[in-house]
Amino acid sequence: MTARFSEEATTLAGLWHVTRNPLGDARGYLERVFCVDELVSWSHRPIAQVNRTFTATKGTLRGLHFQHPPSAECKYVTCLKGAVFDVAVDLRKASPTFGQWFGVEISAQAHNALLIPEGFAHGFQTLTDDVEMLYLHSASYASSSEGGVNALDPALAVAWPIKVYNRSPRDQDLPFLADIEGIDV
Ligand SMILES: Cc1cn([C@H]2C[C@H](O)[C@@H](COP(=O)(O)OP(=O)(O)O[C@H]3O[C@@H](C)C(=O)[C@@H](O)[C@H]3O)O2)c(=O)[nH]c1=O
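Residues numbered from 1 in each chain as written. Predicted model: local features only at pLDDT ≥ 70, side-chain atom pairs only at ≥ 80, totals over all residues. Heavy atoms only, no water.

Per an unreviewed UniProt entry, the protein chain goes by dTDP-4-dehydrorhamnose 3,5-epimerase and derives from Peteryoungia desertarenae. Its UniProt record, at the heading Catalytic activity (unreviewed entry), says of the protein chain: "dTDP-4-dehydro-6-deoxy-alpha-D-glucose = dTDP-4-dehydro-beta-L-rhamnose". Its UniProt record gives the protein chain the following Function (unreviewed entry) comment, quoted word for word: "Catalyzes the epimerization of the C3' and C5'positions of dTDP-6-deoxy-D-xylo-4-hexulose, forming dTDP-6-deoxy-L-lyxo-4-hexulose." (UniProt positions renumbered as here; feature names shortened; annotations may be inferred.)

Structure below.
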């Protein structure tokens, strides 16, 4: 924990809920969205990619996605506009919490983020229209390493907060947890 970031452990080891502390003045505020020196849970991993997504409609569900080794990645996921219910699922083969999920509302207004380590799947549901998300990735995108678990798998039982709308064809075809071996990280 530093003056600029609060890093809160979650129920899943290695997964962190981060809140940024903006420095306000008469003009507005300045905040560090990311800081390699002060965001301790990032642990000086490289930043290979920064992605941004726009999602038009409330209720849209993206995920749950991960990359297999050797492209397994840590992601720092934050919301620049609107709000989402952000979810990470532990798929680490040897983890005592394999198959468990953690979810939290992330919004532009709350200045918060999830730091999701290697071996987790990630997804979100938009809670407003016109949502912009920003991702920092520790590894580059590799389509051959893409993996995922079905966000509507009853065995996962993620409590998506509102009616699910507009999943991609790929996401609708993702396997269920029972068919996933676990990620060796
Ligand atoms: C992730 C990614 C996708 N793409 C391409 C593949 C595809 O043609 C197009 C859209 O990709 P997708 O349909 O996979 O987009 P999306 O479903 O938004 O995928 C994202 O979902 C969330 C939940 C995550 O956690 C992200 O890491 C990412 O997997 O962009 C890249 O070129 N580079 C990238 O880094």
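Draft legend 1. The nonpolar core, seen in detail. Ranked by size, the top nonpolar core spans 18 residues in total, and within it Leu64, Leu91, Val149 and Trp160 carry the most contacts. Of all the elements in the fold, those that place two or more residues in this core are strand S6 (61-67) and strand S8 (83-90). Broken down by element, this core gets its largest block of residues, four residues, from S8. If near-sequence neighbours (up to four positions away) are discounted, tryptophan 160 is found in contact with Leu61, Leu64, Phe85, Val87, Gly123, Phe124, Gln125, Ala151 and Leu152. (Core = buried A, V, L, I, M, F, W, Y, C linked by side-chain atoms within 4.5 Å. Buried < 20%, exposed > 50% of the residue type's maximum accessible area, 1.4 Å probe, protein only. Helix = DSSP H or I, 4+ residues; strand = E, 2+ residues; numbered from the N terminus. Contact = heavy atoms within 4.5 Å.)

Draft legend 2. Highlighting the sheet that holds strand S9 (residues 101-107). An order of S9-S8-S11-S6-S13 is seen for the five strands of this open sheet, with the pairing classed as antiparallel. Because the sheet does not close on itself, it has two edges, and the strands there are S9 and strand S13 (146-148). In this sheet, adjacent strand axes meet at a mean angle of 30 degrees when their direction is disregarded. Alignment of S6 against S13, held across three bridges, turns out to be antiparallel. Residue pairing in the sheet places glutamine 67 in a bridge with glutamate 146 of S13. (Pairing = 2+ DSSP bridges. Axes fitted to C-alpha atoms, helices over the stretch in contact; angles between N-to-C directions.)

Draft legend 3. Here's a closer look at the side chain of serine 41. Among the structural elements, serine 41 can be located in the loop between strand S4 (28-30) and strand S5 (49-55). With near-sequence residues (within four places) excluded, serine 41 lies in contact with Glu7, Trp16, Val18 and Leu115.

Draft legend 4. Spotlight on the site of the ligand. Close to the ligand lie Gln49, Asn51, Arg62, His65, Lys75, His122, Gly123, Tyr135, His137, Tyr141 and Arg170. A distance of 2.8 Å is found between an oxygen atom of the ligand and a side-chain nitrogen or oxygen belonging to histidine 65. In the complex, 63% of the free accessible area of the ligand, which totals 660 Å², lies under the protein chains. Mapped by element, the contributors of at least two residues to the shell around the ligand are S5, S6, strand S11 (120-126) and strand S12 (131-137). Taken together, the residues of the shell around the ligand break down into two nonpolar, six polar and three charged. (Near = heavy atom within 4 Å. Polar contact = N/O pair within 3.5 Å; in protein donor to acceptor, adjacent residues only side chain to side chain. Areas by Shrake-Rupley, 256 points an atom, 1.4 Å probe, with all protein chains shown as cover. Nonpolar A, V, L, I, M, F, W, Y, C, P; charged D, E, K, R; others polar.)

Draft legend 5. Representation of the state of the cysteines. What the rule picks out here adds up to zero disulfides. Counting only cysteine sulfurs, cysteine 74 is the nearest neighbor of cysteine 35, a cysteine outside any disulfide, at a range of 15 Å. As a non-bridged cysteine, cysteine 79 has cysteine 74 as the owner of its nearest cysteine sulfur, 19 Å distant. (Disulfide = S-S within 2.5 Å.)

Draft legend 6. The arrangement of the packing of aromatic side chains in detail. Counted according to the given criterion, the structure contains four aromatic pairs. With 5.5 Å between their ring centres and 85 degrees between their planes, phenylalanine 34 and tryptophan 42 make a pair best called edge-to-face. Like phenylalanine 34, the residue tryptophan 42 is buried in the burial classification. Ring centres of phenylalanine 85 and tryptophan 101 lie 6.4 Å apart, and the angle between their planes is 75 degrees; this geometry places the pair in the edge-to-face category. On the criterion of sequence distance, the pair formed by phenylalanine 85 in strand S8 and tryptophan 101 in strand S9 is long-range, its members being 16 residues apart. One aromatic cluster in this structure is built from Phe34, Trp42 and Tyr76. (Phe/Tyr/Trp six-rings, centres within 6.5 Å; stacked < 30°, edge-to-face > 60°.)

Draft legend 7. Molecular detail of the sheet that holds S5. Read across the sheet, six strands follow the order S1-S2-S10-S7-S12-S5 without closing on themselves; strand pairing throughout is antiparallel. At either end of the open sheet lies a strand with only one pairing partner, and these are strand S1 (5-9) and S5. The sheet shows a mean angle of 25 degrees between the axes of neighbouring strands, direction not considered. Two strands pair when backbone bridges link them, and strand S2 (residues 16-20) and strand S10 (residues 112-116) are joined in this way by four bridges, in the antiparallel orientation. Paired with tryptophan 16 across the strands is leucine 115, a residue of S10.

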